[in-house]
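Letter by letter, the chains look like this.
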Amino acid sequence: MRQNDGVSFTSSPLKIRLSQTPAFQLTGTRHLAFQLIDSLRNRFNNVKHHLTQFNVSAQSELGVRSSTRRSPLLCFASVSLAAEKQSIGRSPLLYSASLSLTQPDSTESTQDGHLATAGRYGEDRVLVGEVLVRNKDGDELERKDLEMEALNALKACGANSALTAWEIQEDVDRIIDSGYFSSCTPVAVDSRDGIRLVFQVEPNQELRGLVCEGANVLPSKFLENAFRDGHGKVVNLKRLDQVISSINGWYMDRGLLGLVYGVDIFSGGIIRLKVAESEVNDISVHFLDRKTGEPTKGKTKHATILRQLTTKKGQVYSRLQGKRDVDAISAMGLMDVSILPQSAGDAGKVDLIMNVVERPSGRFSAGAGISSGITSDLLSGLFGSFAYSERNLFGKNQKLNVSLERGQIDSTFRINYTDPWIEGNDKQTSRTITVQNSRSSGTLVHGNQHDNSSLSIGHVTAGVEFSRPLRPKWSGTAGLFFQRSGAHDEKRNPLIKDFYGSPLTASGKLCDDMLLAKVECVYPGSGNKGSSMFIINMEQGLPVLPDWLYFNRVNARASKSVKLGPACLLLRLSGGHVVGNFPPHEAFAIGGTNSVRGYKEGAVGSGRSYVVGSSEVSLKMLGPVEGVIFSDYGHDLWSGPNVPGNPAGARNKCGSGYGYGIGIRLNSPLGLLRLEYAFNDRFAKRLHFAFGNPK
């Protein structure tokens, strides 16, 4: 079979690597395609006009013909009239196939009677009698499935069809675009039945191995799963496209600056992926003036800010992690901050610039409230407060609070110093030192005296406690406190017994001294609908001296909220137990605004043990106002008589009871305001007013 002397086809497969770009800059490749088109146009302008099979209009049309796929791997195919060779620069295009038709003479007659007819835009057509797919040596392909892939890709070329070079080139594009072949050369062979068009293809190699360079955080398991189905099979560039997109998507989903920037396929079927991951080169802090935005000198130590960051030098930068860092710094309450990544001098690295605007850290405040321990009228429970706080002591985010609360019965003077992160500790441990002198109502357990006078319980407390995160959303606290407590009448005279003869101290002295070791574990939840909360704490009295109290007290609280359409169901459960020698006024009081509503404070019972359950259904009504329906139940677990002096039995407390009712709540600038009207199981009614969420 002799080759047709009138028409010949040649191809030049070209492999070009992905251009190297910083991982955090995703640049397009469209301008590279235009460069290639311009190169082809220049080539065609130099073609001699003696070619007869293709006229000038066809040259212009063929000179700009190109096709690309928008993906990390692009198969590029072009058709051109053969002329001088052109060079194509580096681009993200991996594969290119070009087709040129040459005519050795300028004869306008057809050869062997194979008539060429006018095609699109005046382009001549060539009658093709047979279309075959062969390997680059002209032999049949060993794998028939690949031959079928190539044949199925053909749209224009078929037996007994009149084709233009444009249509042949489009089918070359389609074969290459199938992804299974690295090159495709159309060759015309003269036969008795006419021109036989043979597409000589070179299949890709079978995948035998994978090498990934530069991927430090990308899990190897992810790569194994991505390439597992293709192992031992012919590499499909379209499938490889998808894998690379999934790798880039993995980085994007996690906010990481990473990207596949190069792919090589070596003999033997080894694929090498080149990945760029942008590492953090340096982190700097810039203070800006709040009014002018100009650089200024900040009060906060740089180390105090930087220790809040989970992003460290040398690790791959994550935008999501950067957002968490901004939230952590903002939670300090001292400043507004933004983090700007900028390209570092080294390729593939970033510098983080932190712009910080500090807020005023010291302030005075005043307020008012209502004590929950008042069983008579609300006015007697009113108190005022005054406080000074410094939130950035020594520029280290250390906090000092001095506060005074004063009412007709309750009063508290407190000095509180907190270091939220002890210097040199890598577990984010905080330390709090507290000195407090307080006086609170004793009516929760002991009620009023026979002359309707009230007694109060005084506490002097000093101690230190340490807190630290235990695991996500869990925190723990441990502390040691010295406490002295005693009872007084309205004239501040010390009392040892109440009107019923029940003791008011555990030691029988005017005051009880105790050294308390405290341990607490907290799961605060998210605060959203459907979240949970859990708190458990334990106090152990240590008898360092013979007359110091020795007891153990455990208390736990839990809550769960569930969204029910427009409404929300809140369930709460609390309970506790105490053993040992403890003051009677420290017994668990049941009943009241934050316990069993419908009863006065402590009116249900007071015991060594207790359990209280509550359920609420709330519904948004208008703006910040919501309505609520609730029910509560409490029980002292028959432990009231075990309290020294049995104050509950002396006052005929029932030991158990329930209440139910309705209420409205208002989210105000002062906090949550609660107004609730409740009924109890003894047919009594009571109005409750309070600030804040129920405890």
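Provided above is the structure to which this section pertains.
Residues numbered from 1 in each chain as written. Predicted model: local features only at pLDDT ≥ 70, side-chain atom pairs only at ≥ 80, totals over all residues. Heavy atoms only, no water.

Peer 1: Account for the overall build of the protein chain, with residues named and values stated.
Peer 2: Check the secondary structure of the protein chain and you find 10 helices and 34 strands. In the structure as shown, the protein chain presents an accessible area of about 34,800 Å², 55% of it carried by carbon and sulfur atoms. (Helix = DSSP H or I, 4+ residues; strand = E, 2+ residues; numbered from the N terminus. Areas by Shrake-Rupley, 256 points an atom, 1.4 Å probe, with all protein chains shown as cover.)

Peer 1: Quick rundown of the nonpolar core? Include the residues and the values.
Peer 2: Core analysis: the largest hydrophobic core is formed by 21 residues, its most contacted members being Phe 227, Leu 240, Ile 247, Tyr 251, Val 263, Ile 271 and Leu 273. Mapped by element, the contributors of at least two residues to this core are α5 (220-227), α6 (237-253), β11 (258-266) and β12 (270-277). Examining the composition of this core, we find that 7 residues originate from one element, α6, more than from any other. Counting 20 residues, the second largest nonpolar core, distinct from the first, contains Val 131, Ile 168, Leu 197 and Phe 199. (Core = buried A, V, L, I, M, F, W, Y, C linked by side-chain atoms within 4.5 Å. Buried < 20%, exposed > 50% of the residue type's maximum accessible area, 1.4 Å probe, protein only.)

Peer 1: Can you lay out the pairing of strand β34 (residues 685-691) for me, pointing to particular residues and giving the numbers?
Peer 2: With 7 bridges joining them, strand β33 (residues 671-680) and β34 adopt antiparallel strand pairing. The partner of Phe 679 across the bridge, within β34, is Lys 685. Joining the antiparallel neighbours β33 and β34 is a turn of 4 residues, in which Phe 683 adopts a positive phi near 65 degrees. (Pairing = 2+ DSSP bridges.)

Peer 1: Summarise the pairing of strand β24 (residues 512-523); cite the residues concerned and give the values.
Peer 2: In the sheet, strand β22 (residues 474-488) pairs with β24 via 11 bridges, with the strands oriented antiparallel. Of the residues in β24, the one forming a bridge with Phe 481 is Leu 516. Bridge count for β24 against strand β25 (residues 532-542) is 9 bridges, and the pairing is antiparallel. Among the inter-strand pairings, Leu 516 is bridged to a residue of β25, identified as Gly 541.

Peer 1: Summarise the packing of aromatic side chains; cite the residues concerned and give the values.
Peer 2: For the structure shown, the criterion picks out 12 aromatic pairs. With a centroid separation of 5.3 Å and an interplanar angle of 85 degrees, the aromatic rings of Tyr 677 and Phe 679 are classed as edge-to-face. Under the relative-accessibility criterion, Phe 679 is labelled partly exposed at 30%. Chaining the aromatic ring pairs together yields one cluster made of Phe 222, Trp 250 and Tyr 251. If you follow Arg 597 out to its NZ or CZ, it ends over the ring of Phe 630, 4.0 Å from the centre. (Phe/Tyr/Trp six-rings, centres within 6.5 Å; stacked < 30°, edge-to-face > 60°. Lys NZ or Arg CZ within 6 Å of the ring centre and 35° of its normal.)

Peer 1: An account of the packing of α5 against α6 is needed here, citing residue identities and associated values.
Peer 2: Here α5 crosses α6 at 155 degrees, and the two axes come no closer than 10 Å. It follows that α5 is roughly antiparallel to α6 by the angle criterion. In terms of crossing hand, the pair formed by α5 and α6 is right-handed. Mapping the contact onto sequence places Phe 222, Leu 223, Ala 226 and Phe 227 in α5 and Arg 239, Leu 240, Val 243, Ser 246, Ile 247 and Trp 250 in α6. (Axes fitted to C-alpha atoms, helices over the stretch in contact; angles between N-to-C directions. Parallel < 35°, antiparallel > 145°, perpendicular 65-115°, else oblique. Left-handed = near helix turned anticlockwise from the far one by under 90°. Contact = heavy atoms within 4.5 Å.)

Peer 1: Could you give an account of the state of the cysteines, naming the residues involved and the relevant values?
Peer 2: Joining two cysteines, a disulfide is a covalent bond between their sulfur atoms. In the structure shown here, the tally under the stated rule is 0 disulfides. Here Cys 157 stays free of any disulfide, with the sulfur of Cys 184 as its closest cysteine sulfur at 9.3 Å. Since its relative accessible area comes to 9%, Cys 157 is described here as buried. (Disulfide = S-S within 2.5 Å.)

Peer 1: Would you mind going over α6 in detail, with residue names and values included?
Peer 2: Compared with the 24 Å implied by 1.5 Å per residue over 17 residues, the 24 Å span of α6 between its first and last C-alpha is a close match. Between the side-chain oxygen at the start of α6 and the backbone nitrogen of Lys 238 there is a gap of 2.8 Å, and the oxygen is on Asn 236. (Expected span 1.5 Å × (residues − 1). Polar contact = N/O pair within 3.5 Å; in protein donor to acceptor, adjacent residues only side chain to side chain.)

Peer 1: Tell me about the sheet that holds strand β15 (residues 349-358), and name the residues and values.
Peer 2: In space, the 3 strands of this open sheet follow the order β13-β15-β14, with mixed pairing throughout. Of all strands in the sheet, those bounded by a partner on one side alone are β13 (279-287) and β14 (335-343). Averaged over all pairs of adjacent strands, the angle between strand axes in this sheet comes to 20 degrees, irrespective of strand direction. Here β13 runs beside β15; their pairing, made up of 8 bridges, is parallel.

Peer 1: Could you give me a rundown of the environment of Val 460, with the residues and numbers involved?
Peer 2: Its place among the elements puts Val 460 in strand β21 (residues 456-471). You can call Val 460 partly exposed: its relative accessible area is 44%. In this structure Val 460 touches Gln 436, Asn 437, Phe 482, Gln 483 and Arg 484, once residues within four positions along its chain are discounted.

Peer 1: Which residues make up the sheet that holds β12, and what values do they have?
Peer 2: Taken together, the 3 strands give an open sheet; going across it, the order is β10-β12-β11, and neighbouring strands pair in mixed fashion. Each end of this open sheet is capped by a strand with a single partner; those strands are β10 (209-213) and β11. Across the sheet, the mean angle separating the axes of adjacent strands is 20 degrees when strand polarity is ignored. Across 5 bridges, β10 lies against β12 in parallel orientation. Bridge pairing links Leu 210 to Ile 271 in β12. Those strands touched by α6 are β11 and β12, and its axis lies near 150 degrees from that of β11.

Peer 1: Talk me through α5; I want residue IDs and the actual numbers.
Peer 2: Residues of α5 that are buried: Leu 223, Ala 226 and Phe 227. One side of α5 holds all its buried residues, which, seen down the axis, span an arc of 80 degrees. The elements touched by buried residues of α5 are β10, α6 and β12. (Arc of directions from axis to C-beta.)

By themselves, these are just geometric observations and shouldn't be taken as functional.
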